[in-house]
Amino acid sequence: MSANIQAVRGMNDILPDEAAWWRHFEATVEAWLERYGYRNIRMPLVEHTQLFRRAIGEVTDIVEKEMYSWRDELNGEDLTLRPEGTASCVRAAIEHNLLYDGPKRLWYAGAMYRHERPQKGRYRQFHQYGVEALGLEGPDIDAEHIVMCAALWRDLGLGGIRLELNTIGSAEERARYRADLVRHLEANVDRLDADARRRMHTNPLRVLDSKNPMVQDVVAGAPALTGYLGQESKAHFEGLRRLLAAAGVQYTINPRLVRGLDYYNRTVFEWISDALGAQGTVCGGGRYDGLFAQIGGKTAPATGFAMGNERLIALLRDGERAPATRPPDAYLLSHGDGTHEYAFTLAEVLRGAGYAIVQHAGGGSFKSQMKKADASGAWTALIVGADEVRDGDVSVKFMRKAEPQYRIARAHVVAAFADALQKART
Ligand code: ATP
Ligand code: MG
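Residues numbered from 1 in each chain as written. Chains lettered and ligands numbered in written order. Predicted model: local features only at pLDDT ≥ 70, side-chain atom pairs only at ≥ 80, totals over all residues. Heavy atoms only, no water.

1. Things to note about the site of ligand 1
For step 1, the next point in the chain: Inspection of the region around ligand 1 gives 14 residues, with Arg114, Glu116, Arg122, Arg259 and Thr281 positioned closest.
For step 2, the next point in the chain: Thr281 places a main-chain nitrogen or oxygen 2.8 Å from an oxygen atom of ligand 1.
For step 3, the next point in the chain: Listing elements by their share of the shell around ligand 1, those giving two or more residues are strand 6 (125–134), strand 10 (281–287) and strand 11 (302–308). (Near = heavy atom within 4 Å. Polar contact = N/O pair within 3.5 Å; in protein donor to acceptor, adjacent residues only side chain to side chain. Helix = DSSP H or I, 4+ residues; strand = E, 2+ residues; numbered from the N terminus.)

2. Comments concerning the packing of helix 1 (residues 16–35) against helix 5 (residues 139–156)
For step 1, the next point in the chain: The interhelical angle for the contact between helix 1 and helix 5, taken along N-to-C directions, is 140°, at an axis separation of 10 Å. Accordingly, the angle class assigned to the pair helix 1 and helix 5 is oblique. Between helix 1 and helix 5 the crossing geometry is right-handed. Counted together, Phe25, Thr28, Val29, Trp32, Leu33 and Arg35 of helix 1 and Met148, Cys149, Ala151, Leu152, Asp155 and Leu156 of helix 5 form the full contact between these two elements.
For step 2, the next point in the chain: In the contact of helix 1 with helix 5, the residues fall into 9 nonpolar, 1 polar and 2 charged. (Axes fitted to C-alpha atoms, helices over the stretch in contact; angles between N-to-C directions. Parallel < 35°, antiparallel > 145°, perpendicular 65-115°, else oblique. Left-handed = near helix turned anticlockwise from the far one by under 90°. Contact = heavy atoms within 4.5 Å. Nonpolar A, V, L, I, M, F, W, Y, C, P; charged D, E, K, R; others polar.)

3. Details of helix 5
For step 1, the next point in the chain: Taking 1.5 Å per residue, 18 residues should reach 26 Å; helix 5 reaches 26 Å between its end C-alpha atoms and fits that length.
For step 2, the next point in the chain: Counting buried positions along helix 5 yields 13 of 18 residues, so the element is predominantly enclosed.
For step 3, the next point in the chain: Phi for Gly157, located one or two positions after helix 5, is positive at around 75°. (Expected span 1.5 Å × (residues − 1). Buried < 20%, exposed > 50% of the residue type's maximum accessible area, 1.4 Å probe, protein only.)

4. Overview of the domain arrangement of the protein
Interface size is commonly expressed as the accessible surface area that is lost when the partners come together.
For step 1, the next point in the chain: Domain boundaries in the protein define domain 1 (16–170 + 230–318) and domain 2 (330–425).
For step 2, the next point in the chain: The C-alpha-based centres of domain 1 and domain 2 are spaced at 49 Å. (Domains from an automatic or database assignment.)

5. Section: the sheet that holds strand 15 (residues 393–398)
For step 1, the next point in the chain: Sheet architecture is open: 5 strands sit in the order 13-12-14-15-16, paired in mixed fashion. The two strands at the open ends of the sheet, each matched to only one other strand, are strand 13 (357–359) and strand 16 (406–409). Taking the axes of each pair of neighbouring strands and ignoring which way they run, one obtains an average angle of 30° across the sheet.
For step 2, the next point in the chain: Looking at chain direction, strand 12 (residues 330–334) and strand 14 (residues 380–384) are connected through 5 bridges and run parallel. Looking at strand 14, one finds that Leu332 is bridged to Leu382.
For step 3, the next point in the chain: Packed onto the sheet, helix 15 (residues 413–425) meets strand 12, strand 14, strand 15 and strand 16 and runs at close to 150° relative to strand 16. (Pairing = 2+ DSSP bridges.)

6. As for the pairing of strand 7 (residues 161–167)
For step 1, the next point in the chain: Extensive coverage of strand 7 is indicated by the burial of 6 of its 7 residues.
For step 2, the next point in the chain: In this structure, strand 7 lies alongside strand 9 (residues 265–273), joined through 7 bridges in antiparallel fashion. Following the sheet pairing, Thr167 is matched in strand 9 by Thr267.
For step 3, the next point in the chain: Here strand 7 pairs with strand 8 (residues 252–253) via 2 bridges, running parallel. Residue pairing across strands places Glu164 opposite Thr252, the latter belonging to strand 8.

7. Let's talk about the sheet that holds strand 1 (residues 39–40)
For step 1, the next point in the chain: The 8 strands lie next to each other as 1-5-6-11-10-9-7-8, forming an open sheet whose pairing is mixed. Edge positions in the open sheet fall to strand 1 and strand 8, since each of these has one partner strand only.
For step 2, the next point in the chain: Two elements, strand 5 (residues 104–113) and strand 6, share 10 bridges in a ladder whose sense is antiparallel. Looking at the pairing, Gly110 lines up with Gln128 of strand 6.
For step 3, the next point in the chain: Sheet strands touched by helix 4 (residues 86–95): strand 5 and strand 6. Its angle to strand 6, the strand with the most contacts, is close to 45°.

8. Some thoughts on the environment of Arg122
For step 1, the next point in the chain: Along the chain, the position of Arg122 falls in the loop between strand 5 and strand 6.
For step 2, the next point in the chain: We classify Arg122 as partly exposed; its relative accessible area is 22%.
For step 3, the next point in the chain: With 107 residues separating them along the chain, Arg122 and Leu229 place their C-alpha atoms 34 Å apart.
For step 4, the next point in the chain: The contacts of Arg122, once residues within four sequence positions are left out, are Glu116, Arg117, Gln279 and Arg311.

9. Digging into the pattern of salt bridges
For step 1, the next point in the chain: Under the definition given, this model contains 31 salt bridges.
For step 2, the next point in the chain: For the salt bridge of Arg266 with Glu232, the shortest nitrogen-to-oxygen distance reads 3.7 Å. Of this pair, Arg266 sits in strand 9 while Glu232 sits in helix 9 (residues 231–247), and the two are 34 residues apart along the sequence.
For step 3, the next point in the chain: On the basis of relative accessible area, Glu232 is assigned to the exposed category, the value being 62%.
For step 4, the next point in the chain: Taken together, the shared-partner salt bridges in this structure form one network comprising Asp61, Glu64, Lys65, Asp195, Arg198, Arg199, Arg206 and Asp209. (Salt bridge = Lys/Arg side-chain N within 4 Å of Asp/Glu carboxyl O.)

Below, the structure written as structure tokens:
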């Protein structure tokens, strides 16, 4: 006997009860995006591997070890399942010259793929909403994104999500800083772990966000990036801080926050919940003014963020506010010879008028059908028996209050059912 085939490790089914939470989350997020004037863009799940190598950077967790990449032998192309959306979004903006008539505010949503060790809040297929503002350079747009996030947590009813903020300056400022940082790390190499030693020369800024206390100790004594910022970078950060203060957004500055991807400059931020254990970051983003040029486009400023749906939905579920789902307006059952076809077409008439009708399937006694009607949560049961067919009627029974069932005429069933449903619900 062969073993059952199961889902791929780290890739989850979202079953109907869970999906109700997802849909509530998605509806809230999409209403919020509309309020801020962002427009939807949809990119493919598969891109040329080179896009991510160039955009995200060779010496990052994602490119070094997390990508699902393969060679498509038929076309001789190296392809990758997208690990994030920003690179694809910018690629699309360049390819379709989206900025020709001015800046764009965009959002996308969907599955992302990273070959990580699966654990709570960390999966190999996970889902993000991504928000990007392309072609805008002021700190006001960075502030817009942060204030937006704060508003979304309110819309979702989520408390306790705190903001960490940092500025990492320009590429040139970071290059100067990097040299001094490497000098400091080299001088303390005996206190670095293997990971930090490896990164010290390839991507030394990543050593700053090491979780190892011994390495953190070395980092605490390192020079701070803020000391290397020029006038423009400082002014940008001050501008952002002024707007956040005006909007009453609280945050802490975390000088060790550098984010994992190469493309960031100036503003970087993360929203973190302490209720999720080790995988507490629910949203991260920042400015990436160099990315357009880095993947071959005309230079354009840009800033954005992405949030992890699984982590945010886990928080929502902790709050135990069950999402409202629409119960069926009627459960339609039929018993007796020749009644099924009559009921089948009646269901279509009512659905055509906008009602949610679940038609009983699978036969069974009248009693067992009524049990199903009850379990469905429907407001009413619509009953078709031989008598109803003979008289051209259908019987209505209220499922949530005790009142005698009565008949309505099929000839004007839409109007009569509207009336019945209103009574059933009040
Ligand atoms: P982490 O430090 O947790 O690995 P990251 O910096 O790699 O996160 P980003 O690339 O910034 O994450 O992605 C934005 C958000 O997407 C994260 O804040 C997180 O909520 C979510 N996310 C990232 N990777 C995963 C994953 N493997 N499973 C579930 N959610 C994820
Ligand atoms: Mg990661």
